[in-house]
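Spelled out, the chains give:
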Number of protein chains: 2
Amino acid sequence: MLKVPDHQVAGHQAGDGKLGPLIDDSGKFYKPIQSDGRGSKEVAFYTSFSSNTNIPNHIRRFFPIFHGTKLIEASDGSGQQPHLVLQDIVSGHLNPSIMDIKIGSRTWHPQASEDYIQRCFKKDRETSSLALGFRISGLQIESKGSGFWKPDRKLIQKFTAEEVRLVLRQFVSSNSSADSGVDPDCTFVSTVYGGSGGILAQLLELKEWFEHQTILHFYSCSVLMVYEKESVVKEMSSGAEVKLVDFAHIVEGNGVIDHNFLGGLCSLINFISEILTCSDVHTAKASLQDPKNYCYTNCNTQN
Amino acid sequence: MLKVPDHQVAGHQAGDGKLGPLIDDSGKFYKPIQSDGRGSKEVAFYTSFSSNTNIPNHIRRFFPIFHGTKLIEASDGSGQQPHLVLQDIVSGHLNPSIMDIKIGSRTWHPQASEDYIQRCFKKDRETSSLALGFRISGLQIESKGSGFWKPDRKLIQKFTAEEVRLVLRQFVSSNSSADSGVDPDCTFVSTVYGGSGGILAQLLELKEWFEHQTILHFYSCSVLMVYEKESVVKEMSSGAEVKLVDFAHIVEGNGVIDHNFLGGLCSLINFISEILTCSDVHTAKASLQDPKNYCYTNCNTQN
């Protein structure tokens, strides 16, 4: 019944007797409740969040559905262990392309222990978090006929702005991502990133909420972007989804917005809207309409 | 000809043989060029900024006009020293109320020296910067008939969210600010913070630019809010102005938005729009129109 997920791109992974999440056939995702305090914090978050009436429904849909907790046989063979029971976000997909992006230039909150703060501070400086306001924690891109391209996690966390721009273009391209010599064709950019139901529109909806909400601060939380290339080809609709995941470091907002998450989210949004605007310019040759300097600058440095 | 400014609320101050800025009668502000590298960086910023054609004019007006550099007699009696010659932002005002707010939860940039980073990191944690995304560096509020209320700078830097909310309300009130027992009447809130030319509208214009501009990152830079109570009373117009000041720690954006400044700016904007929305609710009793939860929550905790 329970098995190791096929499409996990970040976080601890089960397999070879290691502790990690499991999935079942009914679309549920079982996440082990870690005993170091993080697990109980994430349970507390889901429990409180699911009954919080201040969260608007159009925002709630960005969060995995919470089905409580359950004792199940752990993936490391250590017997029955408590697990969070969540919606399996990719259960409807056969070959999903996925990107996990940890948002915020700072992954720690001021109330954390000094030891934890120093470790996070070091990692935020070593990875792209500090410079870009986010870091890519994991990704897989479907390569037609050749499975998935899953670059090394250690490398993608340290991507420069230029490398992030490239991989965000590869993410919506039909040609091979693994070959760094190939210029991404951005075939799916308008369907996946663009449009009223696309990823950019969803991120902008989240942003609008984060500009005002002072209920919760989301440290070390990720934006997951998921879509299926075959759906775009067959149905001209990507079913692209944005979800927030990983809530072990959520603290109360106490009347202040989450400026750390919001700043990082705006940075990601700017990367994606530049790609959309630049590809508009290139395909439609509408070079004199809406002449936003920031786009031209970036298009020009890219080409 | 040259004299010590009457209305400086933050930064090094001249007087008693100390080095600080000077002003003249023609509306110019002379800022000593510090020899530790900060001075030359600020000169480099103004020189490059004033000739940068990528800065839109509606954004340029938020920056003091730059008139070059000049050797003048320094305020500390050390003889002729190089000074930045800038627009004196408060020269048109008799009794300006002023607030200097250092924007960003982080005041250091990744390329700074380790020693500088550690000092800033410590101060950002000790003050409100880390929690709120900004800290108030200085302020003066005109008290009718009794000069100015100028609270201790060391205290205001560490203000909690609740204290910031209070002082932002005191800033637009006609009753005494110094008396902490008096509830601020927020007499000037709609004229100073609200309206198409008010402070909120100006901050939102800046925010829109920061959502896209990837040219410059503004570390340790302040938003200055200035207005004159008498103008509001006499002319029903505050002449409220927002200016950016202090550019000794500006670095190139390299294709990434300034998510640190943007996040802090959005946090300040949220404080001010909450005050506007709450005072609307209280004065117009329009409690069922535009029922935004975040306002009610905050109105309720305030009262």
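Because the structure is a prediction, the values reported are computed rather than measured.

Student: Before we go on, may I ask you to explain the overall build of chain A in this structure?
Tutor: Regarding its fold elements, chain A presents 11 helices and 11 strands. Taken over C-alpha atoms, the radius of gyration comes to 19 Å for chain A, in line with the 19 Å a tight globule of 303 residues would show. The principal-axis extent of the C-alpha atoms belonging to chain A is close to 60 × 45 × 35 Å. Sorting the 303 residues of chain A into buried and exposed places 56% on the buried side.

Student: Got a minute to help me understand the nonpolar core in this structure?
Tutor: Proteins that are soluble and globular tend to have nonpolar side chains buried together. Among the nonpolar cores identified, the biggest contains 129 residues, and Tyr193 and Phe218 of chain A together with Tyr193 and Phe218 of chain B are the most heavily contacted of them. Beyond its immediate chain neighbours, meaning those up to four positions away, Phe218 of chain B contacts Phe45, Phe63, Trp209, Phe210, Gln213, Phe247, His249, Ile250, Asp258 and Phe261 of chain B. In this structure, Phe121 and Leu130 of chain A together with Tyr116 and Leu130 of chain B belong to the second largest nonpolar core, which totals 14 residues.

Student: It is not clear to me how the pattern of salt bridges should be interpreted in this structure. Could you clarify?
Tutor: Should their charged atoms come close, side chains of opposite charge can pair. The tally for this structure, following the rule as stated, stands at 32 salt bridges over all chains. Note that Glu230 of chain A and Lys234 of chain A form a salt bridge whose closest N and O atoms lie 2.8 Å from each other. With Glu230 of chain A and Lys234 of chain A both in helix H9 (residues 229-235) and 4 residues apart, this pair spans about one turn of that helix. Here Lys207 of chain B makes a salt bridge to Glu211 of chain B, at a shortest N to O gap of 3.5 Å. No difference in accessibility class separates Lys207 of chain B from Glu211 of chain B, as the two residues are buried.

Student: Where do I start with unusual backbone geometry in this structure?
Tutor: Most of the time, phi is negative for any residue but glycine, and the peptide bond is trans. For Cys186 of chain A, which is not glycine, the phi dihedral falls at a positive 55°. Tracing the backbone shows Cys186 of chain A in the loop between helix H6 (161-170) and helix H7 (189-192).

Student: Which parts of the structure should I look at to understand the relation of the copies chain B and chain A?
Tutor: Applying a rotation about an axis and a shift along it to one chain copy brings it onto the other copy. Placing chain B over chain A gives an RMSD of 0.0 Å and needs a rotation angle of 180°, together with 0.0 Å of translation along the axis. Accordingly, the operation relating the two chain copies is best matched by a two-fold axis. Among all residues of chain B, the minimum C-alpha distance to the rotation axis is found for Gly263 of chain B, at 2.2 Å. The share of interface residues of chain B whose copies in chain A are also at the interface is 100%, consistent with both copies meeting through the same surface.

Student: Quick question: what am I supposed to make of the sheet that holds strand E7 (residues 148-149) of chain A here?
Tutor: Strand-to-strand pairing in sheets goes through backbone hydrogen bonds, with the strands running parallel or antiparallel. Residues and elements named next belong to chain A. Spatial strand order, E7-E6-E5-E9-E10: 5 strands in an open sheet with antiparallel pairing. Each end of this open sheet is capped by a strand with a single partner; those strands are E7 and strand E10 (241-245). As paired elements, strand E5 (residues 96-103) and strand E6 (residues 134-142) share 6 bridges and run antiparallel to each other. Bridge pairing links Lys102 to Arg135 in E6. On the sheet, H6 packs against E5, E6, E7 and strand E9 (222-228) and is oriented at approximately 30° with respect to E6.

Student: I tried to follow the environment of Gln213 of chain A on my own but got confused; where do I start?
Tutor: Residue and element names in this part refer to chain A. Residue placement: Gln213 occurs in the loop between helix H8 (199-210) and strand E8 (216-218). In the structure, Gln213 is positioned 158 residues away from Ile55 in sequence and 9.1 Å away in space, judged by C-alpha atoms. Discounting residues that sit within four places of it in the chain, Gln213 has contacts with Phe218, Val256, Ile257 and Asp258. A polar contact of 2.9 Å, which involves the side chain of Gln213, links it to the backbone nitrogen of Ile215. Here the side chain of Gln213 touches Leu216 through a polar contact of 2.8 Å, landing on its backbone oxygen.

Student: Quick question: what am I supposed to make of the packing of aromatic side chains here?
Tutor: How two aromatic rings sit relative to each other is given by the distance of their centres and the angle of their planes. All names here are of chain A. Evaluation of the coordinates by the stated rule reveals 41 aromatic pairs over all chains. Judged by centre distance (5.2 Å) and plane angle (75°), the ring pair of Trp209 and Phe210 falls under edge-to-face. Judged on exposure class, the residue Trp209 and its partner Phe210 are both buried. Feature note: the residues Phe45, Tyr46, Phe49, Phe63, Phe66, Trp209, Phe210, Phe218, Phe247 and Phe261 constitute an aromatic cluster, connected by ring pairs. The ring of Trp108 carries Arg106 above its face, with NZ or CZ at 5.1 Å from the centroid.

Student: What is the right way to look at the pairing of strand E3 (residues 66-73) of chain A in this model?
Tutor: It is a general feature of regular strands that their side chains alternate between the two faces of the sheet. Sheet topology places E3 of chain A next to strand E4 (residues 80-87) of chain A; 6 bridges connect them, and they run antiparallel. Along E4 of chain A, the bridge assignment pairs Leu71 of chain A with Pro82 of chain A.

Student: How do you make sense of the interface of chain B and chain A when you look at a structure like this?
Tutor: Accessible area lost when the parts come together is the quantity often used to give the size of an interface. The partner chain A presents 37 residues to the 37 residues of chain B that form the contact. Note on chain B versus chain A: buried area summed over both sides is about 2800 Å², and carbon and sulfur give 54% of it. On the chain B side of the contact with chain A, Leu130, His212 and His259 of chain B bury the most area, a combined 19% of that side's loss. On the surface where chain B and chain A come into contact, there are 12 residue pairs in polar contact (both at pLDDT 80 or more). Listed by contribution, the elements that provide at least two residues to the side of chain B that touches chain A are helix H3 (114-126), helix H4 (129-132), helix H6 (161-170), helix H10 (259-284) and helix H11 (293-302) of chain B. The biggest single contributor to the side of chain B that touches chain A is H10 of chain B, with 9 residues. Residues that form the side of chain B that touches chain A fall into these classes: 14 nonpolar, 16 polar and 7 charged.

Student: What exactly am I supposed to notice about the confidence of the model for chain A here?
Tutor: Per-residue confidence for chain A averages 89 on the pLDDT scale, and 90% of its residues sit at or above 70. Contacts from residues 285-303 of chain A, a stretch scored under 50 in pLDDT, to residues over four places away or in other chains number 28 contacts.

Student: It is not clear to me how the sheet that holds E3 of chain A should be interpreted in this structure. Could you clarify?
Tutor: All names here are of chain A. Reading across from one edge, E1-E2-E4-E3 is the order of the 4 strands in this open sheet, with antiparallel pairing throughout. With partners counted over all chains shown, the strands left at the sheet margins are strand E1 (22-23) and E3, one partner each. Pairing of E1 with strand E2 (residues 28-32), which is carried by 2 bridges, proceeds in the antiparallel orientation. Bridging across to E2, Leu22 finds its partner in Tyr30.

Student: Just to check I follow, could you spell out the pairing of strand E4 (residues 80-87) of chain B for this structure?
Tutor: Bridge count between strand E2 (residues 28-32) of chain B and E4 of chain B: 5 bridges; the pairing is antiparallel. Directly across from Lys31 of chain B, in E4 of chain B, lies its bridge partner Leu84 of chain B.

Student: Help me out: how do you make sense of the packing of helix H3 (residues 114-126) of chain A against H3 of chain B in this one?
Tutor: The angle between the axes and the distance between the axes are what describe a pair of packed helices. Two elements in contact, H3 of chain A and H3 of chain B, have axes separated by 14 Å at closest approach and are oriented at 130°. It follows that H3 of chain A is oblique to H3 of chain B by the angle criterion. Every pair of crossing elements has a handedness; the one defined by H3 of chain A and H3 of chain B is right-handed. In contact with Glu114, Ile117, Gln118, Phe121 and Arg125 of chain A of H3 of chain A, H3 of chain B contributes Glu114, Ile117, Gln118, Phe121 and Arg125 of chain B.

Student: Explanation requested: H6 of chain A in the structure shown.
Tutor: One full turn of an α-helix is made of 3.6 residues, so residues set three or four places apart face in the same direction. In terms of residue burial, H6 of chain A counts as a mostly covered element, since 7 of its 10 residues are buried. Within the sequence span of H6 of chain A, burial applies to Ala161, Val164, Arg165, Val167, Leu168, Arg169 and Gln170 of chain A.

Student: How do you make sense of the domain arrangement of chain A when you look at a structure like this?
Tutor: All names here are of chain A. Along its sequence, chain A is carved into domain 1 (22-87) and domain 2 (96-302). Counting residues at the interface gives 18 residues for domain 1, matched by 16 residues for domain 2. Here domain 1 and domain 2 share 2 salt bridges between them. Measuring nitrogen to oxygen at the nearest pair gives 2.8 Å for the salt bridge that ties Glu205 to Arg61. Summed over the shared surface of domain 1 and domain 2, the number is 5 residue pairs in polar contact (both at pLDDT 80 or more). For the side of domain 1 that touches domain 2, the secondary-structure elements that each account for two or more residues are helix H1 (38-50) and helix H2 (57-60). Per-element tally for the side of domain 1 that touches domain 2: the top contributor is H1, with 6 residues. Partitioned by chemical class, the residues of the side of domain 1 that touches domain 2 number 9 nonpolar, 4 polar and 5 charged.

Cut-off values and rules
- Residue positions are given per chain, counting from 1 as you read along its sequence in written order.
- All chains are assigned letters beginning with A, and all ligands numbers beginning with 1, in the order in which they are written.
- Given that the model is predicted, a residue must reach a pLDDT of at least 70 before its local features are reported, and side-chain atom pairs must reach 80 or more before they are shown or counted; all residues, however, enter totals for whole chains, interfaces and linings.
- Only heavy atoms go into the side-chain values, all of them from the structure, while hydrogens and water stay out.
- Secondary structure elements follow DSSP: runs of H or I no shorter than four residues count as helices, runs of E no shorter than two count as strands, and numbering proceeds from the N terminus.
- Only C-alpha atoms enter the radius of gyration; for comparison, a globular chain is expected to reach 2.2 Å times N to the power 0.38, where N is the number of residues.
- For each residue, the accessible area found with a 1.4 Å probe, counting protein chains only, is set against the maximum for its type, and the residue is called buried under 20%, exposed over 50%, and partly exposed in between.
- For our purposes a nonpolar core is just a set of buried Ala, Val, Leu, Ile, Met, Phe, Trp, Tyr and Cys residues, chained together by side-chain atoms within 4.5 Å.
- Residues are treated as being in contact if the distance between any of their heavy atoms lies within 4.5 Å.
- Here, a salt bridge means any side-chain nitrogen of Lys or Arg that lies within 4 Å of a carboxyl oxygen of Asp or Glu.
- C-alpha atoms of residues with pLDDT of at least 70 in both copies form the basis for the least-squares superposition of the copies.
- Here the rule is simple: two strands pair whenever DSSP picks up at least two bridges between them.
- Note on method: axes are straight lines fitted to C-alpha atoms, helices fitted across the in-contact stretch only, with angles between N-to-C directions ranging 0 to 180 degrees.
- Identification of polar contacts relies on pairs of N or O atoms within 3.5 Å, with a donor-acceptor requirement for protein atoms, meaning one able to donate a hydrogen and the other able to accept it, and with residues adjacent in sequence counted only if both atoms are side-chain atoms.
- Between 30 and 60 degrees the pair is tilted, below 30 it is stacked and above 60 it is edge-to-face, where a pair is any two Phe, Tyr or Trp rings, Trp via its six-membered ring, whose centres lie within 6.5 Å.
- Whether a charge sits over a ring comes down to the Lys NZ or Arg CZ being within 6 Å of the ring centre and within 35 degrees of the ring normal.
- Summed over both partners, the accessible surface that disappears when two parts come together, traced with a 1.4 Å probe, is what is meant by buried area.
- Under this grouping Gly is polar, as are all residues other than the nonpolar Ala, Val, Leu, Ile, Met, Phe, Trp, Tyr, Cys and Pro and the charged Asp, Glu, Lys and Arg.
- pLDDT expresses how confident the predictor is about each individual residue, on a scale running from 0 to 100.
- Every angle not falling under 35 degrees, over 145, or within 65 to 115 is termed oblique; those three ranges are roughly parallel, roughly antiparallel and roughly perpendicular.
- Crossings are assigned a handedness: left-handed for a near helix turned anticlockwise from the far helix by less than a right angle, right-handed for a clockwise turn.
- In this document the domain limits rely on a domain assignment from an automatic tool or a database.

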